[in-house]
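Read off the chains here:
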Amino acid sequence: MKTIFEKIKLTMYYFSVITLISTVVTACYITVFYGRHAALTVDILWQILIVSFFCSLCQFIYRASSKKAGKGCLLIQHIVGYLYINAVVMGFGCWFEWFDISDFSMVTGMLLVIFIAYVAIVGYVFWADFRTSEQINRKLRERNGEDV
């Protein structure tokens, strides 16, 4: 059972990864749909932080039963997580007027950007977790080799 501090720490980790990737993806989206010389207000920064916070809460979907989950359950968790992320980004995107809901190309662009960002974030988190587990395993092997 994780302590509340560990849960907050994990949420902040996801928040920072999501914010970084979201900022890069937002810059690309704005460049494509509004041009390189688009004039924006500081509101976009606050909006990215708000959306990133709500997206970082998605990690609770994955962590709820990840230790005893089978492959089928993990697939369902990813599908539900992806749908949650889509709902958050598209919902806030409409509210913040990031795109025109009647413009098919902008909606398609948003869905594509969400998919790319989701794959990038999940890929990075898997890679970072794998790297951490490899480091721990290496230290354990070193320790066991010294004890023998």
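Please refer to the structure placed before this passage.
Residues numbered from 1 in each chain as written. Predicted model: local features only at pLDDT ≥ 70, side-chain atom pairs only at ≥ 80, totals over all residues. Heavy atoms only, no water.

(A) Region of the structure containing a nonpolar patch on the surface. Taken together, the side chains of Ile 4, Phe 5, Ile 8 and Met 12 define a hydrophobic patch exposed on the protein surface, amounting to about 470 Å² of accessible area. As for its placement among the helices and strands, Ile 8 is situated in helix α1 (residues 4-34). Assessed through its relative accessible area of 48%, Ile 8 is described here as partly exposed. (Patch = residues over 30% accessible without salt bridge, like charges linked within 9 Å, V, L, I, M, F, W, Y side chains within 5 Å. Areas by Shrake-Rupley, 256 points an atom, 1.4 Å probe, with all protein chains shown as cover. Salt bridge = Lys/Arg side-chain N within 4 Å of Asp/Glu carboxyl O. Helix = DSSP H or I, 4+ residues; strand = E, 2+ residues; numbered from the N terminus. Buried < 20%, exposed > 50% of the residue type's maximum accessible area, 1.4 Å probe, protein only.)

(B) Representation of the packing of helix α2 (residues 43-56) against helix α4 (residues 71-95). Relative to each other, α2 and α4 sit at 160 degrees, their axes nearing to 10 Å. Relative to α4, α2 is oriented roughly antiparallel. For α2 against α4, the interelement crossing comes out right-handed. Residues Ile 50, Val 51, Phe 54 and Cys 55 of α2 form the contact with α4, whose participating residues are Tyr 84, Ile 85, Val 88, Val 89 and Phe 92. (Axes fitted to C-alpha atoms, helices over the stretch in contact; angles between N-to-C directions. Parallel < 35°, antiparallel > 145°, perpendicular 65-115°, else oblique. Left-handed = near helix turned anticlockwise from the far one by under 90°. Contact = heavy atoms within 4.5 Å.)

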